[in-house]
Amino acid sequence: MLEHDIAIVGGGLAGCRAALEVKRYNPDLNLAVIAKTHPIRSHSVAAQGGIAATLKNVDSEDSWETHAFDTVKGSDYLADQDAVELLTKEAPNVIYDLEHLGVLFSRLENGTIAQRAFGGHTYQRTCYAADKTGHAILHELVSSLLRYGTKIYDEWYVTRLVVEDNVAKGLVMYEQSTGHFEVLRAKAILFATGGYGRVFNTTSNDYSCTGDGLAMTARAGLPLQDMEFVQFHPTGLYPVGVLISEAVRGEGAYLINGEGDRFMASYAPKQMELAPRDITSRAIVSEVRAGRGVEGGTFVHLDLRHLGEEKIHQRLPFCWEEAHRHLGIDAVKEPMPVRPTIHYSMGGIPVNTDCQVRNGAQGLVEGFFAAGETSCVSVHGANRLGSNALLECVVYGRRAGYKMAAYVEGRSLPSLDEKKLLEEAERDRAQLFEQQGNYRLEQLRRKFQDCMTTYCGVYRSEELMTEGLERLAELRAQLTEVRLDDRGKVWNTELTEAWELRNLMAVGSAIMTGALHRQESRGAHSREDFPTRDDPNFLKHTLAYLKEDGVMIEYRPVVITRFEPKERKY
Ligand SMILES: Cc1cc2nc3c(=O)[nH]c(=O)nc-3n(C[C@H](O)[C@H](O)[C@H](O)COP(=O)(O)OP(=O)(O)OC[C@H]3O[C@@H](n4cnc5c(N)ncnc54)[C@H](O)[C@@H]3O)c2cc1C
């Protein structure tokens, strides 16, 4: 059996920042980072536009309190305000720390870190490295971990979280290059396993974003929080869905409908293209529904031409490349076709501000922590502001690392029945290999993704989701009718994709059930049958538990410290 003081599952920004803090606290701690991709291939590497912090390099009147207010207002008042205060207060320090690690932030003329405008932020506070910010940060973090000699299990797939008697004791994991299972036990385990964009059929997320950590947590009997809040990013490149960063609008690009109008004037007259993502995404869908899509189609235009060639190539080189590579469009000369694409998970594994996982409305699980997109602390509530996700990964990754390093002091390793866990893992694989169904994996995955997109998209209703849940139950039953063609042990990606599909379906059930029960519209959750926010009944967090016969829903209160809920106008 593998043994470590601390095991971190996930080599993205949150996992790597947590790992660095563990090593800074005590370099002698026996730490493992486990990732199904190489850490450098984690989805964080794709983050483009930037990371928010009130450095005041551009707007001297900015403050952490304004950043906190913008974040809470953006969240449609569902964020826990104690968590938001920590996020925004600690932001400048974590940025300077990254700078000292060597992250190559873009600069102002005077040599300080450059900051740009982002949707829903009152001031220009988003720090960036051109439009490759995630790449710049992740590479420095991984280099630092290598300097500490951290043990990294890269391209190992974790299949199971073992929780017994309210204690997280270990993991079952699978080496993709050899096909053998191992059990790992640890005094503390962190899940930093990222999001689940692949639940839907059009997404800006990488193929690896399959919600594994969420599904494993739910299968261990623990709740998932606020899963109904799924962020659509307004500007996915049409028709492929890849992201055109908000940085493009931050630099001044326009959204134009089929009639040539800057239609955001009708939806957010003050902030225009820099309104928060939920509002901008709904505006695009509303324009399309009203027949004002470009050429009567299902997209609008993102127009950068007035920014000029130099600015586009200097500040937004990657976005220019994406449009050119996928569609052959030269954004210096032509507008880009865009429409909303699934982008981010506001919900996740519920944690307190030390990243310790909650086991329900009241208690905590011993030895189990979560950070980054897979967690819900909750700083984004019902709608995340752009450039706050990377910040969450770094602030709460650091807090998780520190807390875990302190937590394991004086503790001993838990006991685990290794033989039984390995037998169960082998049996599960054998069953998948033996089942003789009629479906190919890709067929079932496509049906599932279409189901989620059709029945639980930008606009939702009871009628749609009731039908959607029935359809989803049928599709889940069909998992036993999938036939795998590859029964090999070495690099069997079909097998890992089968596990991922099982995870995606578990996550999809939690999303749709939470959405059905939330009879109001708030942030990214927009009900046509309940079009307004309902604070008296729904100013609360949803907790969804996966059960044999469906998903059980509970609620827990929202933490309000200084900002009383108000109507949200931009
Ligand atoms: C295209 C794009 C651009 C973005 N741009 C920005 C931006 O400019 N600013 C901003 O604030 N946010 C941005 N975001 C959001 C932000 O990038 C993410 O929320 C953040 O990077 C998530 O980091 P993470 O560490 O939580 O997860 P990830 O970086 O997704 O890492 C997850 C890790 O978990 C591992 N893992 C998952 N499942 C398993 C398993 N079963 N076994 C073993 N390992 C596993 C993966 O291999 C990976 O190492 C963007 C998102 C997208 C999609």
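Provided above is the structure to which this section pertains.
Here is what the cut-offs are and how they apply
Residues numbered from 1 in each chain as written. Predicted model: local features only at pLDDT ≥ 70, side-chain atom pairs only at ≥ 80, totals over all residues. Heavy atoms only, no water. Pairing = 2+ DSSP bridges. Helix = DSSP H or I, 4+ residues; strand = E, 2+ residues; numbered from the N terminus. Axes fitted to C-alpha atoms, helices over the stretch in contact; angles between N-to-C directions. Contact = heavy atoms within 4.5 Å. Buried < 20%, exposed > 50% of the residue type's maximum accessible area, 1.4 Å probe, protein only. Parallel < 35°, antiparallel > 145°, perpendicular 65-115°, else oblique. Left-handed = near helix turned anticlockwise from the far one by under 90°. Patch = residues over 30% accessible without salt bridge, like charges linked within 9 Å, V, L, I, M, F, W, Y side chains within 5 Å. Areas by Shrake-Rupley, 256 points an atom, 1.4 Å probe, with all protein chains shown as cover. Salt bridge = Lys/Arg side-chain N within 4 Å of Asp/Glu carboxyl O. Lys, Arg positive; Asp, Glu negative; His and termini not counted. Charge placed at Lys NZ, Arg CZ, Asp CG, Glu CD.

Here the focus is the sheet that holds strand 12 (residues 254-256). The antiparallel open sheet is built from four strands, whose spatial order is 11-14-13-12. In this open sheet, the two strands that pair with only one neighbour each are strand 11 (230-237) and strand 12. On average, each strand axis in the sheet is inclined to that of its neighbour by 45°, with strand direction left out of account. Of the strand pairs in this sheet, strand 11 and strand 14 (residues 336-345) are connected by six bridges, and their pairing is antiparallel. Bridge assignment links L237 to a residue of strand 14, and that residue is V338. Contacting strand 11 and strand 14, helix 9 (residues 317-327) crosses the sheet at an angle of about 70° to strand 11.

Okay, the sheet that holds strand 10 (residues 224-225) next. With antiparallel pairing, three strands are arranged side by side in an open sheet as 10-21-22. Two strands close off the open sheet at either side, each with one partner strand: strand 10 and strand 22 (550-557). Two strands pair when backbone bridges link them, and strand 10 and strand 21 (residues 540-547) are joined in this way by two bridges, in the antiparallel orientation. The partner of L224 across the bridge, within strand 21, is A544. Packing against the sheet, helix 14 (residues 493-517) makes contact with strand 10, strand 21 and strand 22, and its axis sits at approximately 60° to strand 22.

What follows covers helix 5 (residues 212-219). Of all the eight residues making up helix 5, seven are buried; the element is thus mostly covered by neighbouring parts of the structure. Those residues of helix 5 that fall on the buried side of the exposure criterion are D212, G213, L214, A215, M216, T217 and A218. Following helix 5 by one or two positions, G221 has its phi on the positive side, about 90°.

Contact geometry of helix 12 (residues 441-455) with helix 14 gives a least axis separation of 11 Å together with a crossing angle of 20°. Here helix 14 runs roughly parallel to helix 12, going by the angle between their axes. Remark: the crossing between helix 12 and helix 14 carries left-handed chirality. Within the contact between the two elements, helix 12 uses L441, L444, R445, F448, C451, M452 and Y455 and helix 14 uses E494, E497, A498, L501, L504, M505, G508, I511 and M512.

Turning to unusual backbone geometry, a few remarks are in order. Along the chain, Y238 connects to P239 via a cis peptide bond; the corresponding omega equals 5°. For P239, the position within the fold is in the loop between strand 11 and helix 6 (247-250). Positive phi outside glycine occurs at A130, with the angle close to 45°. The backbone of N166 shows a phi angle near 65°, a positive value even though the residue is not glycine. Summarising the element assignment, N166 is placed in the loop between strand 7 (156-164) and strand 8 (167-175).

On to a negative patch on the surface, then. A grouping of E462, E463, E467 and E470 is seen on the molecular surface, where their side chains present a negatively charged patch. Following the sequence through the fold, E467 ends up in helix 13 (residues 462-477). Since its relative accessible area comes to 44%, E467 is described here as partly exposed.

These figures capture arrangement, not role.
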